[in-house]
Amino acid sequence: PGSLLIAADDICGVPALDGPQGIFQAQQLLNHVTDWCRRWSMRVSVTKTVCVVFRRNFRYLHPVRLTCANHPIQIVPSVRYLGIELDEHWLMRTHR
């Protein structure tokens, strides 16, 4: 259900589906990472964990509520991952 992109201590979860199924997959990815970390006596920094909902239109069609280790995840319009600013509309205005 989706993919995990891992580079050093950064992990990015990418659901394979969109809409409600994609939200479900994103939560499954978060649960998988949290369980794996717990098994190896590690923990996820929930204060640094955020979600960007990539979309074509300019409003959410479905409510997005995700948790990591029972903490709500903040939905943000953009995030910097491996030095690249990724925004919810794939505009990358900060890279022009």
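A brief report on the enclosed structure follows. The shown structure was predicted, so the numbers you read here are calculated from the model rather than taken from an experiment.

On to the pairing of strand E7 (residues 78–81). When E7 meets strand E8 (residues 84–87), the two strands line up antiparallel, connected through four bridges. Bridging from a neighbouring strand, Ser 78 pairs with Asp 87 of E8. Counted along the chain from E7 to the antiparallel partner E8, the turn is two residues long, and its residue Leu 82 has a positive phi close to 55 degrees.

Let's shift gears to the nonpolar core. In terms of nonpolar packing, the biggest core is built from eight residues, these being Ala 26, Leu 30, Cys 51, Val 53, Val 64, Leu 66, Cys 68 and Ile 73. With residues near it in sequence (within four places) discarded, Leu 30 still touches Thr 49, Leu 66, Thr 67, Cys 68 and Ile 73.

A separate point is the pattern of salt bridges. Oppositely charged side chains can pair when the atoms bearing their charge come close. Enumeration according to the criterion identifies two salt bridges in this entry. The partner of Arg 38 in a salt bridge is Asp 35, and the shortest N-O contact between them spans 3.2 Å. One end of the pair is Arg 38 and the other is Asp 35, both in helix H1 (residues 19–39) and three residues apart, which spans about a single turn. Residue classification places Asp 35 among the partly exposed positions, given a relative accessible area of 37%. Between Glu 85 and Arg 80 there is a salt bridge, with its nearest N and O atoms 3.5 Å apart. Exposure remark for Arg 80: the relative accessible area of 51% places this residue in the exposed category.

Here is what the cut-offs are and how they apply
- For every chain, the first residue of its written sequence is number 1, and the numbers climb from 1 along that sequence.
- For this predicted model, a pLDDT threshold of at least 70 governs which residues receive local features, and a threshold of 80 or more governs which side-chain atom pairs are given and counted, while totals over whole chains, interfaces and linings are taken from all residues.
- With hydrogens and water stripped out, all remaining heavy atoms of the structure feed into the side-chain values.
- For two strands to pair, DSSP has to find at least two bridges joining them.
- Under the DSSP-based scheme used, a helix requires at least four consecutive residues in state H or I and a strand at least two consecutive residues in state E, with every element numbered from the N terminus.
- By nonpolar core is meant a set of buried Ala, Val, Leu, Ile, Met, Phe, Trp, Tyr and Cys residues that side-chain atoms within 4.5 Å join together.
- With a 1.4 Å probe rolled over the protein chains alone, any residue whose accessible area is under 20% of its type maximum counts as buried; one over 50% counts as exposed, and the rest are partly exposed.
- Contacts are assigned to residue pairs with any non-hydrogen atoms lying within 4.5 Å of each other.
- The term salt bridge refers to a pairing of a side-chain nitrogen on Lys or Arg with a carboxyl oxygen on Asp or Glu at a separation within 4 Å.

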